[in-house]
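# An overview of the molecular structure
So you can see what is in the structure, the chains are spelled out below.
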Amino acid sequence: MLVLGIETTCDETAASVVEDGNKILSNIIFSQVHLHKKFGGVFPELASRSHIDKILPVIEDALKTAKVSLDEIDVIAVANRPGLVGSLLIGLNTAKALSFALDKPFIGINHIEAHLYAAMMGDDKKPVFPSLGVVISGGHTMLLKISDIGKYEILGTTIDDAIGESFDKVAKILDLSYPGGPEVEKLAKQGDSSKYQFKAGRVDKNPFDFSFSGLKTKVLYTVKGQKSKKDYPTIIKEEDKKHIAASFQKCAFEDLIKKAIGASEKHNLKSIYFGGGVTCNKALKEMFQNKNLNLDLFWPKKDLSLDNAAMIAGLGYHRYKKVLKSDKLDILAEPTISSF
Ligand code: KG4
Ligand code: ZN
């Protein structure tokens, strides 16, 4: 079965053709990072406009690279939740138009679920369940029990900032450019992570929930002074910034690792599937590996960590196989999701 995947939830316009949920025939990603850099974050109106310009060329490129025509596509899968509503609408309406014009089924996909599925792609090995899902991206931080593809229980989530968002905010405080995650990682490599004592938040009502907002504020007060605001001048020496980056990164990841291990133990889960942009971070992988856990760790392969449409097409295959019918043409773009 050939699935055309479409992804426009935030600031990447992406399209991909995937065969039988696993064989990636093309994975085209147009990143808008250059458009948003000067704003230090995603500017939603610019994002939607750029999606309008790029969506058709990106789909054409995905088909051409896969060497298939639109007629040969069996199903169209599109991320319709969660995300920026203006951005979501461009991908969703394109998918609906293609579905209507070609008389082919289309399926709306949960972008967060697709991030988890990304770590199951590209191997011939069948995924092992039940396992822990760890979604760490710019918009989400989540621990889930995965009983099967499509069957999840949320074990923990963030009560304020997402982990990737906290990297982006700390990068801004340290005068690094957007997106901040890779910049913080680069700077942290040169720093001493024991120089500053930071603490991630503990959430009393659920030990597997996260809170990164207090950690970010502590970094702000350390860099710009107690009770400072983000536009205040820096009071630390330039050479201390690398130690701040290293100490912050270690603190955020230790918190994540501790909670992931705790959730795996409590629910007797033997493997972890990771998804989302923060999985690009090599220090995180090393920290997990160095724990010598009795857990199989599955990380998304290259080009499947950050937002992409291959994960949307791959998951679309499984969703379609289960329901064997198209979603209705009136399904909505959903900026947030209340459940899985
Ligand atoms: O999954 P993604 O592309 O978009 C969302 O669905 O949010 O993730 C983007 C996030 C950004 O916050 C970015 O700073 C973070 O992933 N990120 C990283 C790294 N590379 C990307 N965070 C830490 N270290 C990295 N190397
Ligand atoms: Zn994402």
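Residues numbered from 1 in each chain as written. Chains lettered and ligands numbered in written order. Predicted model: local features only at pLDDT ≥ 70, side-chain atom pairs only at ≥ 80, totals over all residues. Heavy atoms only, no water.

## Comments concerning the site of ligand 1
Inspection of the region around ligand 1 gives 19 residues, with Gly138, Asp168, Glu185, Gly277 and Asn281 positioned closest. Between an oxygen atom of ligand 1 and a side-chain N or O atom of Ser137, the distance comes to 3.5 Å. Here ligand 1 has 550 Å² of accessible area as a free molecule, and 90% of this is covered by the chains. If you list the elements that add at least two residues to the shell around ligand 1, you get α4 (111-118), α5 (163-173) and α6 (180-189). Ranked by residue count, the leading element in the shell around ligand 1 is α6, at four residues. Looking at the shell around ligand 1, its residues break down into five nonpolar, 11 polar and three charged. Per-domain counts for the shell around ligand 1 show at least three residues from each of domain 1 (2-117 + 304-323) and domain 2 (129-300). (Near = heavy atom within 4 Å. Polar contact = N/O pair within 3.5 Å; in protein donor to acceptor, adjacent residues only side chain to side chain. Areas by Shrake-Rupley, 256 points an atom, 1.4 Å probe, with all protein chains shown as cover. Helix = DSSP H or I, 4+ residues; strand = E, 2+ residues; numbered from the N terminus. Nonpolar A, V, L, I, M, F, W, Y, C, P; charged D, E, K, R; others polar. Domains from an automatic or database assignment.)

## Side note on the coordination of the zinc ion (ligand 2)
Within the first shell, the zinc ion (ligand 2) binds the protein through His111 (NE2), His115 (NE2) and Asp307 (OD), at distances of 2.0 to 2.1 Å. Around the zinc ion (ligand 2), the four donor atoms sit at angles spanning 95 to 133°, and that spread fits a shape best called tetrahedral. Considered as a linear motif, the donors of the zinc ion (ligand 2) on their single chain read H-x3-H-x191-D. Of the two residues, His111 is situated in helix α4 and Asp307 in the loop between β10 (296-298) and α10 (310-323); the sequence distance between them amounts to 196 residues. According to the relative accessible area criterion, Asp307 is buried, its value standing at 14%. (Donors = N, O, S within 2.8 Å, 3.2 Å for Na, K, Ca; no water. Tetrahedral: all angles 85-135°; square planar, octahedral: opposite > 155°, others 65-115°. Buried < 20%, exposed > 50% of the residue type's maximum accessible area, 1.4 Å probe, protein only.)

## So, the pairing of strand β7 (residues 141-148)
Sheet topology places strand β6 (residues 131-136) next to β7; six bridges connect them, and they run antiparallel. Its bridge partner lying in β7, Val134 is registered against Leu143. Counting the residues between successive antiparallel strands, the hairpin from β6 to β7 contains four residues. Sheet topology places β7 next to strand β8 (residues 151-157); six bridges connect them, and they run antiparallel. Bridge pairing in β8 places Leu144 opposite Ile154. Hairpin geometry of β7 and β8 is characterised by an intervening segment of two residues between the two adjacent antiparallel strands and by a positive phi of about 100° at Gly150. (Pairing = 2+ DSSP bridges.)

## Some words on the packing of α5 against helix α8 (residues 241-266)
Between α5 and α8, the least distance of the axes is 11 Å, while the angle of their chain directions is 170°. The angle between the axes of α5 and α8 places the two elements in the roughly antiparallel class. Where α5 approaches α8, its residues Ile163, Ser166, Phe167 and Val170 are matched on the opposing element by Phe248, Gln249, Ala252, Phe253 and Leu256. Residue composition of the contact of α5 with α8, grouped by class: seven nonpolar, two polar and no charged. (Axes fitted to C-alpha atoms, helices over the stretch in contact; angles between N-to-C directions. Parallel < 35°, antiparallel > 145°, perpendicular 65-115°, else oblique. Contact = heavy atoms within 4.5 Å.)

That is the geometry; function is a separate question.
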